Amino acid sequence: MEKRNRYKNHIGGFMILRLILAGVLLLGAGAGYVYVRNGQVLGGNEIGAVEREIGLLDQEIELWELRIAAVRDRHELSRRLRWIQSDLADIDISKVIEIKSVAPGEAPVAGIY
């Protein structure tokens, strides 16, 4: 005996269209998530690269500040001048003349007569 209407739950064209639409929506949502996430990762990588560059520049600035501070020290400057064999000579303090400034009220004023 042959069974007629063996499959009573037929999948119609409307149901196939709904399944395809649901698949496309899920695929679109997944692709959008991946796109946004990749953008965030790339932005984070750029921020990290800029932060590393800022760190290197900070180190370079500190190095220059230390060099400047070393040159401003009298003994260090003297040592560096001797090291590069400069023609400059040390100043003998006994030969330094101090010029005293005159108070502003006592200074001669040039006038027009």
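Below or above, wherever it landed, is the structure these notes cover. (Residues numbered from 1 in each chain as written. Predicted model: local features only at pLDDT ≥ 70, side-chain atom pairs only at ≥ 80, totals over all residues. Heavy atoms only, no water.)

1. Points about the overall build of the chain
In plain terms, the rule: Labels follow the DSSP assignment, with helices taken as runs of H or I lasting at least four residues and strands as runs of E lasting at least two, numbered in each case from the N terminus. Burial here depends on accessible area, computed with a 1.4 Å probe over protein chains only, as a share of the maximum for the residue type. Under 20% is buried, over 50% is exposed, and the range in between is partly exposed.
When you go through the chain residue by residue, the secondary structure sums to 2 helices and 0 strands. The buried share among the 113 residues of the chain stands at 3%.

2. What to know about the environment of V71
Along the chain, the position of V71 falls in helix α1 (residues 13–72). By relative accessible area, which is 33% here, V71 ends up partly exposed. In this structure the C-alpha to C-alpha distance between V71 and L81, which are 10 residues apart in sequence, comes to 9.9 Å.

3. Brief notes about the packing of α1 against helix α2 (residues 74–83)
Counted only if it meets this: Lines are fitted to the C-alpha atoms to define the axes, a helix being fitted only along its stretch in contact, and any angle between axes, read from their N-to-C directions, falls within 0 to 180 degrees. Should an angle fall under 35 degrees it is taken as roughly parallel, and over 145 as roughly antiparallel, whereas 65 to 115 is taken as roughly perpendicular and any remaining angle as oblique. Whether two residues are in contact is decided by their heavy atoms: any pair within 4.5 Å suffices. Under the scheme applied, nonpolar residues are Ala, Val, Leu, Ile, Met, Phe, Trp, Tyr, Cys and Pro; charged residues are Asp, Glu, Lys and Arg; polar residues are all the others, including Gly.
In the contact formed by α1 and α2, the axes pass within 5 Å of each other and the chain directions differ by 90°. Classified by the angle their axes make, α1 and α2 are roughly perpendicular. Residue-level inspection shows A70, V71 and R72 of α1 in contact with α2, the latter providing R74, E76, L77 and R80. Looking at the contact of α1 with α2 residue by residue, the classes come out as 3 nonpolar, no polar and 4 charged.

4. Describing the packing of aromatic side chains
The following threshold applies: We call Phe, Tyr and Trp rings a pair once their centres come within 6.5 Å, taking the six-membered ring for Trp, and we label the pair stacked below 30 degrees between planes, edge-to-face above 60, and tilted otherwise. Any Lys NZ or Arg CZ that is within 6 Å of a ring centre and within 35 degrees of that ring's normal is treated as a charge sitting over the ring.
Using the criterion set out here, one finds 0 aromatic pairs in the structure. Looking at R67, its charged tip hangs above the ring of W64, at a distance of 4.9 Å from the centre.

5. Remarks on a nonpolar patch on the surface
Our working definition: Without a salt bridge and with relative accessible area above 30%, a residue can belong to a patch; like charges are then joined within 9 Å and nonpolar side chains (Val, Leu, Ile, Met, Phe, Trp, Tyr) within 5 Å. Each accessible area value is a Shrake-Rupley result obtained with a 1.4 Å probe; residue values ignore everything except the protein chains displayed when judging cover. Any carboxyl oxygen of Asp or Glu that lies within 4 Å of a side-chain nitrogen of Lys or Arg is treated as forming a salt bridge with it.
Together, I11, M15, I16, L19, I20 and V24 make up an exposed nonpolar region whose accessible area comes to about 590 Å². Relative to the assigned elements, M15 resides in helix α1.

6. Regarding unusual backbone geometry
Keep in mind that most residues, glycine aside, have a negative phi and that most peptide bonds are trans. The backbone phi angle of Q85 is positive, close to 60°, even though this residue is not glycine. As for its position among the elements, Q85 is in the segment after α2. The exposure class of Q85 is exposed, given its relative accessible area of 68%.

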